[in-house]
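Structural overview
What follows is each chain in one-letter form.
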Amino acid sequence: GDSVTQTEGLVTLTEGLPVMLNCTYQSTYSPFLFWYVQHLNEAPKLLLKSFTDNKRPEHQGFHATLHKSSSSFHLQKSSAQLSDSALYYCALRATSSGQKLVFGQGTILKVYL
Amino acid sequence: EAAVTQSPRNKVTVTGGNVTLSCRQTNSHNYMYWYRQDTGHGLRLIHYSYGAGNLQIGDVPDGYKATRTTQEDFFLLLELASPSQTSLYFCASSDRVEQYFGPGTRLTVL
């Protein structure tokens, strides 16, 4: 079946340093990939999606590139901010599954001064 | 902006108790979902629906029933609650691209 793996449960770094959160996936079909972000005591909300008319998806300084050869969709940002501290989920939607998403386990990002 | 509301926001019940969680969306979306969120497991799909009267089984359905009474309203039912169902429950609705989540219901089963 479809699955998403986020290898880091917790990433901690200093403000201003680059961010990279890993996401790999397994799917029989060519899936769409998403990043959702959840700040403390809030609901998850969409950050990025993999399909943007041939443009690299980018939002709030974050970007991600879908690499089908390595089945990856890593989330990156050149300079972390304190406000980026949150729980990040990578999710997959297989083209065969309608609107159903499969989420990874999530990665907590903590940014310090 | 999309609007998904959930009630109650917090619920405490005892083992064997009967619980109903409610979700309403005013987005005119066809799809609605129920998830549970647990540390180390992320968001796991319990049940979902693509319209009134429709129900699809999710990835962790055991112990849960759901019912979609209208396009707006989706209910999650725990008929014999167990401590393993203590969790944070999120409802969501979706258009063709994005899922919009409600604020969550924290359920504690003693």
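Quick note: structure is the one above.
Remember, it's a predicted structure, so these values are computed and weren't measured experimentally.

Let us now look at the state of the cysteines. Within the structure shown, the criterion is met by two disulfides over all chains. One disulfide bridge connects A:Cys23 with A:Cys90, the sulfur atoms lying 1.9 Å from each other. Between A:Cys23 and A:Cys90 the disulfide shows an S-S torsion of about -60°. By sign, it is left-handed. With A:Cys23 in the loop between β3 (19-21) and β4 (24-26) and A:Cys90 in strand β10 (residues 86-93), this pair connects stretches of sequence that are 67 residues apart. Residue A:Cys23 shares its accessibility class with A:Cys90, and that shared class is buried. At a sulfur-sulfur separation of 1.9 Å, the disulfide partner of B:Cys23 is B:Cys91. With the S-S dihedral at roughly -75°, the linkage between B:Cys23 and B:Cys91 falls on the left-handed side. Linking B:Cys23 in strand β3 (residues 19-25) with B:Cys91 in strand β9 (residues 87-94), this pair joins segments that are 68 residues apart in sequence. The burial state of B:Cys23 is the same as that of B:Cys91; both residues are buried.

Moving on, we come to the pairing of strand β5 (residues 42-49) of chain B. Residue and element names in this part refer to chain B. Burial of β5 is extensive: seven of the eight residues sit out of reach of the surface. In the sheet, strand β4 (residues 31-38) pairs with β5 via seven bridges, with the strands oriented antiparallel. In the strand pairing of β5, Gln37 is matched with Leu43. The turn linking β4 back onto β5 is made up of three residues, and Gly40 within it adopts a positive phi angle of 90°. In this antiparallel pair of consecutive strands, β5 and strand β6 (residues 56-57), the connection spans six residues, and Gly53 shows a positive phi of 85°.

Below, the discussion takes up the interface of chain A and chain B. Taken residue by residue, the interface counts 19 residues in chain A and 21 residues in chain B. With both sides pooled, the region where chain A packs onto chain B buries about 1600 Å², and carbon together with sulfur makes up 56% of that total. Per-residue buried area on chain A facing chain B is highest for A:Gln99, A:Lys100 and A:Phe103; these three make up 38% of the total on that side. Across the contact surface, chain A and chain B share one salt bridge. Ionic pairing is found between A:Lys100 and B:Asp59, a salt bridge with its closest N-O pair at 3.0 Å. Linking chain A to chain B there are six residue pairs in polar contact (both at pLDDT 80 or more). Contributing elements (two or more residues each) for the side of chain A that touches chain B: β5 (32-38), β6 (45-49) and β10 of chain A. Of the residues contributing to the side of chain A that touches chain B, the split by class is ten nonpolar, five polar and four charged.

Before going further, it helps to spend a moment on the sheet that holds strand β8 (residues 62-64) of chain A. Residues and elements named next belong to chain A. Strand order in the open sheet formed by four strands is β3-β9-β8-β7, with antiparallel pairing between adjacent strands. One side of each edge strand has no neighbouring strand; the edge strands of this open sheet are β3 and β7 (58-59). Examined bridge by bridge, β3 and strand β9 (residues 75-77) share three bridges and lie antiparallel to one another. Bridge pairing in β9 links Met20 to Gln76.

Each value, and the rule that gives it
Residues numbered from 1 in each chain as written. Chains lettered and ligands numbered in written order. Predicted model: local features only at pLDDT ≥ 70, side-chain atom pairs only at ≥ 80, totals over all residues. Heavy atoms only, no water. Disulfide = S-S within 2.5 Å. Helix = DSSP H or I, 4+ residues; strand = E, 2+ residues; numbered from the N terminus. Buried < 20%, exposed > 50% of the residue type's maximum accessible area, 1.4 Å probe, protein only. Pairing = 2+ DSSP bridges. Contact = heavy atoms within 4.5 Å. Buried area = accessible area lost by both parts, 1.4 Å probe. Salt bridge = Lys/Arg side-chain N within 4 Å of Asp/Glu carboxyl O. Polar contact = N/O pair within 3.5 Å; in protein donor to acceptor, adjacent residues only side chain to side chain. Nonpolar A, V, L, I, M, F, W, Y, C, P; charged D, E, K, R; others polar.

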